[in-house]
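An overview of the molecular structure
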Amino acid sequence: MASIHHEVEEQEQEEGEEHDHHGDHHATSPLPVQPSGEWEAEENSPVEQVAATVPVGDDPGTPVLTFRMWVLGTVSCAALSFLNAFFRYRKEPLTITAVSAQIAVVPVGRLMAAVLPGIVFFRGRPWEFTFNPGPFNVKEHVLITIFANAGAGSVTAINLVTTVRIFYRQHMSFFLALIVILTSQVLGFGWAGIFRRYLVEPAAMWWPSNLVQVSLFRALHERERRRKGSMMRYQFFMVAFICSFAYYIFPGYLFQMLTSLSWICWIFPNSIIAQQLGSGLHGLGIGAIGVDWSSISAYLGSPLASPWFATANIAAGFCISMYIITPITYWSNLYKARSFPIYSDGLYTVSGQKYNISSIMDSQFHFDTDAYQKNGPLYISTFFAFSYGVGFACLTATVSHVLLFHGSKSAFQNNKADIHTKLMRRYKQVPEWWFICILVASVVITIFTCEYYIEQLQLPWWGVLLACAIAFFCTLPIGIIKATANQAPGLNIITEYIMGYLYPGRPIANMCFKVYGYTGPLQALEFLQDFKLGHYMKIPPRTMFMAQVMGTLIAASVCLGTTWWLMDTIPNMCDIELLPANSPWTCPHDHVFYDASVIWGLIGPRRIFGDMGTYSAVNWFFLGGAIAPLLVWFAHKAFPAHKWILHINMPVMMGTTALMPPGTAVNYTTWILIAFLSGYVVYKYRRVWWERHNYLLSGALDAGLAFMAVLLYLCLGLENNSLKWWGNDLDGCPLASCPTTKGIIVDGCPVYS
């Protein structure tokens, strides 16, 4: 009897697990499950994570372009664009992600479904319309989130506007700023349209971070049967959301040291070397741990969404760079490294003092050669120099890797489509000529704008074409890495480098070139990721296209309007020397953008990384990056039985520290630990729990953090209310940024002996 009872329990558990994997009848979700298990097994996605997360049904009759969608989508897009533009200029920038809107619109959408009249206007005609087509459904919700993604996305060109008006104090009209922002954003549509057949339709291009939103959509819209002793997915999400919301008050306000618990510094409060080793924010971060989700997911995204092979590559790249290369180069005093902090993005003189950039510019903001020779060459920390080298290597490694491993037998050349691609074929596709027309129009308008305003923008017509050529050449290989490993190598360094060599002494031209060469592919990846989200959730492609275009136009306009308003109403905005001591308007992102324009556009790479500079050897990283994937390819050919060799991804490994600085060691150490526990331990030993809750947990942590961060800012941040006690000393390692060369005198540091 016990055996029979045990078998019955196992059968019920298996049925429940199967039910959980594939959903139940839905109250509001139009994604019914197909009954054929054989069809599902043969044609479902070959990627296990996708097969376990994404529903495999569709209801083409579900209303999508509804009144609710337009209202909530427009409001979400405008609100997120305004808030992110407002918060980005503060000393502690806050980014509000689309997951906040994804959750907030659910009760509003259901309320509108309950109270709006269901009267149908123009019944039976092509323009038939109603305010209330029925229950608030998941497809509406997806499109609203697409709008929100546009509002939460980056608008890189806003850095250009701020830098020109505030730092260079040059005139720029609102109309010119709007044209620059819109053209740089819309260029991404062209690249996305050209490469979507390779980066959206193939099952192998699975865009891991989308699974977080898919899990959240299913939890918010699907009804499921609760199993005894377990929570439904919606219940699990709400518990995790509330816990994340309540917890963030500690690292966000009450106990900010939770961002980086650098215990080695506590043991050795007077040792420079010990604090260099142990500081999670200003050193190598040995033993440092962070229990702040905002810090953990700040630079590499959610660790819960990272595939295990990508996590392993990131861990290897981080350890090699931070714990092997950095100590060797620093303590061997390469490039006078010990005269500067071990980890810094600052610009220094040979004596370890901050470099006075304004002293090497004339009244027209052009480079003053005589003043530069008088001040001496510019130095940077060895880690910062090698981070530039890693950026060089990552770009060439990306191209080499894609050619070797995704060339003649690439996944996107496989004609076999999974079930999601087959279901999407019932909808009208967006003609490619739509994208090409947008691309051509954007390029023409950009060239005309740059030529007409040549004195303000400094960028000639050939610079626009060269930036577009770089974007066209690099979008596909970078997109493949992003779509499979959830990490995207950046083009900002290489665009600055190229223009700095070709057109030196013109910092605004360098910034414009970076905006068009870097922002286009960046926007293309965001559009492609949204296209893949719509692909998973069976949103008609033309409807997706419409939402993306409208969202981009709204987000760009609101972002610029907010920025313009701030610049006109806040005295001395971004000027740290003239701002009041406790002013939050320090503009950290724009300072970095301005410094880069000085290094690459004003001084030029030749005086730093060229034959006239100190760091010319860093150029060898270009060659090293191109060769590294070739070594992996040879190893695979020599040992084909060892499948793990194919998981060595050199672009991901080399690009790990490309975000450092501003990323810090503790951002990486804790991220790697959590990604390992989620992607390997839980995935391998608790697969059922992982399939039900992993991505849902990621969304709940993001959402809880975002809502509490906004609440803390509105209640306390606006009045600059803060707690001053040792628990809010972020790192507790005041000596980590001190030099270790004898005789170097720096404020706040003991003289090393």
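Residues numbered from 1 in each chain as written. Predicted model: local features only at pLDDT ≥ 70, side-chain atom pairs only at ≥ 80, totals over all residues. Heavy atoms only, no water.

1. Here we look at the overall build of the protein chain
Convention followed: Per the convention used, a helix needs a DSSP run of H or I reaching at least four residues, while a strand needs a run of E reaching at least two, with both numbered from the N terminus. Our radius of gyration is a C-alpha quantity, and the globule rule it is checked against amounts to 2.2 Å times the number of residues to the power 0.38. When a residue's accessible area, from a 1.4 Å probe over protein chains only, is under 20% of the maximum for its type it is buried; when over 50% it is exposed; and in between it is partly exposed. The criterion used for residue contact is that any of the two residues' heavy atoms lie within 4.5 Å. Shrake-Rupley sampling with a 1.4 Å probe provides the accessible areas, and residues are treated as covered by the protein chains on show and by no other component. Positive: Lys, Arg. Negative: Asp, Glu. His and the chain ends are not part of the count. The atoms used to mark charge sites are NZ of Lys, CZ of Arg, CG of Asp and CD of Glu.
Per the secondary structure count, the protein chain includes 29 helices and 2 strands. Over its C-alpha trace the protein chain gives a radius of gyration of 26 Å, about what one expects of a compact globule, namely 27 Å for 753 residues. Its C-alpha atoms give the protein chain principal-axis dimensions of roughly 85 × 65 × 60 Å. Within the protein chain, the proportion of its 753 residues that are buried is 57%. If you take every contact in the protein chain between residues at least 6 apart in sequence, the share linking residues at least 24 apart comes to 79%. For the protein chain, the exposed surface amounts to about 31,900 Å²; the carbon and sulfur share of it is 64%. Here the protein chain holds 45 positive side-chain charges and 47 negative ones, and the gap between their average locations is 3 Å.

2. Quick notes on the state of the cysteines
To be explicit about the condition: A pair of sulfur atoms, both from cysteines and within 2.5 Å, is called a disulfide here.
Summed over all chains, the structure comprises 3 disulfides. Two residues, Cys-265 and Cys-733, share a disulfide whose sulfurs are 1.9 Å apart. Handedness of the Cys-265-Cys-733 disulfide follows from its S-S torsion of about 105 degrees: it is right-handed. You can see Cys-265 sitting in helix α12 (residues 263–267) and its partner Cys-733 sitting in the segment after α29 (687–717), a full 468 residues away along the chain. The same class applies to Cys-265 as to Cys-733, namely buried. There is a disulfide in this structure between Cys-574 and Cys-587, and the S-S distance comes to 1.9 Å. Handedness of the Cys-574-Cys-587 disulfide follows from its S-S torsion of about -75 degrees: it is left-handed. Of the two residues, Cys-574 sits in the loop between α24 (541–569) and α25 (588–603) while Cys-587 sits in the loop between α24 and α25, which places them 13 residues apart along the sequence. According to the relative accessible area criterion, Cys-574 is buried, its value standing at 2%. Sequence-ordered numbering of the bonded cysteines in the protein chain gives a disulfide pattern of 1-4, 2-3, 5-6. With no disulfide of its own, Cys-437 lies closest to Cys-468 among cysteine sulfurs, the gap being 16 Å.

3. Here's the deal with the packing of aromatic side chains
Two measures describe an aromatic ring pair: the distance that separates the ring centres and the angle between the ring planes. Just so we agree on the cut-off: Pairs were defined over the aromatic rings of Phe, Tyr and Trp, the Trp ring being its six-membered one, requiring ring centres within 6.5 Å. Orientation was assigned from the angle between planes: stacked under 30 degrees, edge-to-face over 60, tilted for the rest. Any Lys NZ or Arg CZ found within 6 Å of a ring centre and within 35 degrees of that ring's normal is scored as a charge over the ring.
Applying the stated criterion across every chain yields a total of 60 aromatic pairs. With a centroid separation of 5.5 Å and an interplanar angle of 55 degrees, the aromatic rings of Trp-308 and Phe-676 are classed as tilted. Remark: Phe-676 occurs in helix α28 (residues 665–685) and Trp-308 occurs in helix α15 (residues 308–331); sequence separation between them is 368 residues. Three or more aromatic residues joined by ring pairs form one cluster here, namely Tyr-335, Phe-384, Tyr-388, Phe-392, Tyr-497, Tyr-501, Trp-600, Phe-609, Tyr-615 and Phe-622. Positioned above the aromatic ring of Trp-564 is the side chain of Arg-165, whose terminal nitrogen or guanidinium carbon lies 4.1 Å from the ring centre. One residue, Arg-506, lies across the ring of Tyr-503, its end atom 4.1 Å from the ring centre.

4. What about the nonpolar core?
Definition in use: As used in this record, nonpolar core signifies buried Ala, Val, Leu, Ile, Met, Phe, Trp, Tyr and Cys residues forming a set joined through side-chain atoms within 4.5 Å.
Counting 150 residues, the largest nonpolar core has Leu-378, Ile-380, Tyr-388, Met-573, Trp-600, Phe-609 and Tyr-615 as the members making the most contacts within it. Among the elements that take part in this core, helix α23 (residues 507–537) stands out by supplying 15 residues, more than any other. If we skip the residues at most four places from it in the chain, Leu-378 touches Leu-347, Tyr-348, Tyr-355, Ile-357, Tyr-372, Ile-603, Ile-608 and Tyr-615. Ranked by size, the runner-up nonpolar core spans 31 residues in total, among them Leu-300, Ala-337, Met-660 and Ile-672.

5. Here we look at the confidence of the model for the protein chain
Our working definition: Values of pLDDT, the confidence the predictor places in each residue, fall between 0 and 100.
Looking at the protein chain, the pLDDT average stands at 86 and 92% of residues meet or exceed 70. Of all the helices and strands in the protein chain, helix α1 (residues 2–22) carries the lowest mean pLDDT, 39, while helix α26 (residues 620–638) carries the highest, 95. Between residues 1–30, whose pLDDT stays under 50, and residues either more than four places distant or in other chains, the model counts 44 contacts. Per-residue pLDDT stays below 50 along residues 32–41; that stretch engages in 13 contacts with residues further than four places along the chain or on separate chains.

6. Quick word on the packing of helix α8 (residues 174–199) against helix α19 (residues 432–452)
Helix packing for two helices is described by the angle between their axes and how far apart those axes are. For the record, the criterion: Angles shown run from 0 to 180 degrees and are taken between the N-to-C directions of axes, each axis being a line fitted to C-alpha atoms and, for helices, limited to the stretch in contact. Geometric relationships in this document are graded by angle, where less than 35 degrees denotes roughly parallel, more than 145 denotes roughly antiparallel, 65 to 115 denotes roughly perpendicular, and other angles denote oblique. We call a crossing left-handed when the near helix sits turned anticlockwise from the far one by less than a right angle, and right-handed when that turn is clockwise.
Orientation of α8 relative to α19, taken along the N-to-C sense of each, is 150 degrees, at an axis distance of 8 Å. By the criterion of interaxial angle, the relationship of α8 to α19 is roughly antiparallel. Crossing handedness for the pair α8 and α19: left-handed. Contacts between α8 and α19 involve Leu-176, Ile-179, Thr-183, Val-186, Leu-187, Phe-189, Gly-190, Trp-191, Gly-193, Ile-194, Arg-196 and Arg-197 from the former and Glu-432, Phe-435, Ile-438, Leu-439, Ser-442, Val-443, Ile-445, Thr-446 and Thr-449 from the latter.

7. Focus: helix α10 (residues 233–247)
Rules: Expected span, for any helix, means 1.5 Å times one less than how many residues it has. Throughout, the arc means the angular range of directions from the helix axis out to the C-beta atoms.
The first and last C-alpha atoms of α10 sit 21 Å apart over 15 residues, in line with the 21 Å expected at 1.5 Å per residue. Those residues of α10 lying buried are Arg-233, Phe-236, Phe-237, Ala-240, Phe-241 and Ser-244. All buried residues of α10 project into a common sector of 130 degrees when viewed along the axis, lining one side.

8. Here's the deal with unusual backbone geometry
Cis geometry marks the peptide bond from Met-660 to Pro-661, where omega comes out at -25 degrees. Even without glycine at this site, Asn-486 takes up a positive phi of about 65 degrees. In this fold, Asn-486 is placed in the loop between α21 (461–485) and α22 (492–502). Located in the positive-phi region is Cys-574, a residue other than glycine, with phi close to 75 degrees.

9. Quick look at the pattern of salt bridges
Note the threshold: Salt bridge, as used here, is a side-chain nitrogen of Lys or Arg placed within 4 Å of a carboxyl oxygen of Asp or Glu.
Tallied over the full model, the rule gives 12 salt bridges. The salt bridge partner of Glu-140 is Arg-68, with a shortest N-O separation of 2.8 Å. Here Arg-68 lies in helix α4 (residues 67–87) and Glu-140 lies in helix α6 (residues 138–152), a separation of 72 residues in the sequence. Relative accessible area serves as the criterion here: at 0%, Glu-140 is assigned to the buried category. Between Glu-222 and Arg-233 there is a salt bridge, with the nearest N and O atoms lying 3.1 Å from each other. With Glu-222 in the loop between α9 (210–221) and α10 and Arg-233 in helix α10, this residue pair connects regions lying 11 residues apart in the sequence. A relative accessible area of 8% means that Arg-233 is categorised as buried. Via salt bridges that share partners, Asp-58, Lys-139 and Arg-426 belong to a single interconnected network.

10. Section: the environment of Val-212
Here Val-212 shows up in helix α9. Sequence separation of Val-212 and Val-99 is 113 residues, and the distance between their C-alpha atoms is 9.4 Å.

11. A short note on a nonpolar patch on the surface
Applicable threshold: Residues enter patches when they are more than 30% accessible in relative terms and free of salt bridges; like-charged ones are connected within 9 Å and nonpolar ones (Val, Leu, Ile, Met, Phe, Trp, Tyr) within 5 Å.
Residues Trp-620, Leu-623, Ile-627, Leu-630, Leu-631 and Phe-634 make up a contiguous nonpolar surface patch of roughly 620 Å² in combined accessible area. On the secondary structure map, Trp-620 appears in helix α26.

12. Considerations on the packing of α28 against α29
The line we're drawing: Under this grouping Gly is polar, as are all residues other than the nonpolar Ala, Val, Leu, Ile, Met, Phe, Trp, Tyr, Cys and Pro and the charged Asp, Glu, Lys and Arg.
Two elements in contact, α28 and α29, have axes whose closest approach is 5 Å; the angle formed by their N-to-C orientations is 125 degrees. With respect to α29, the axis of α28 lies oblique. Between α28, through Ser-678, Val-682, Tyr-683 and Tyr-685, and α29, the contact on the second element is made entirely by Arg-687, Trp-689, Trp-690 and Asn-694. For the contact of α28 with α29, the per-class residue count stands at 5 nonpolar, 2 polar and 1 charged.

13. Description of the side chain of Ser-678
By the element assignment, Ser-678 lies in helix α28. Accessibility expressed as a relative area gives 6% for Ser-678, which makes it buried. Residues within four places of Ser-678 in sequence aside, it is in contact with Leu-304, Tyr-683, Trp-690 and Asn-694.

14. Details of the side chain of Asp-418
Considering the arrangement of structural elements, one finds Asp-418 in the loop between α17 (382–405) and α18 (419–424). Buried and unpaired, Asp-418 has no salt bridge, with Lys-532 as the nearest side chain of opposite charge at 5.7 Å.

15. Here we look at the environment of Asn-619
Defined as follows: Each polar contact in these results corresponds to two N or O atoms within 3.5 Å; when the atoms are within protein, one needs to be able to donate a hydrogen and the other to accept it, and residues that are neighboring in sequence are counted only if both atoms are side-chain atoms.
As for its position among the elements, Asn-619 is in the loop between α25 and α26. Sequence spacing of Asn-619 and Phe-384 is 235 residues, and the spatial spacing of their C-alpha atoms is 14 Å. Those residues in contact with Asn-619, other than ones at most four positions away along the chain, are Tyr-497 and Phe-609. There is a polar contact of 2.5 Å between the side chain of Asn-619 and the backbone oxygen of Phe-609.

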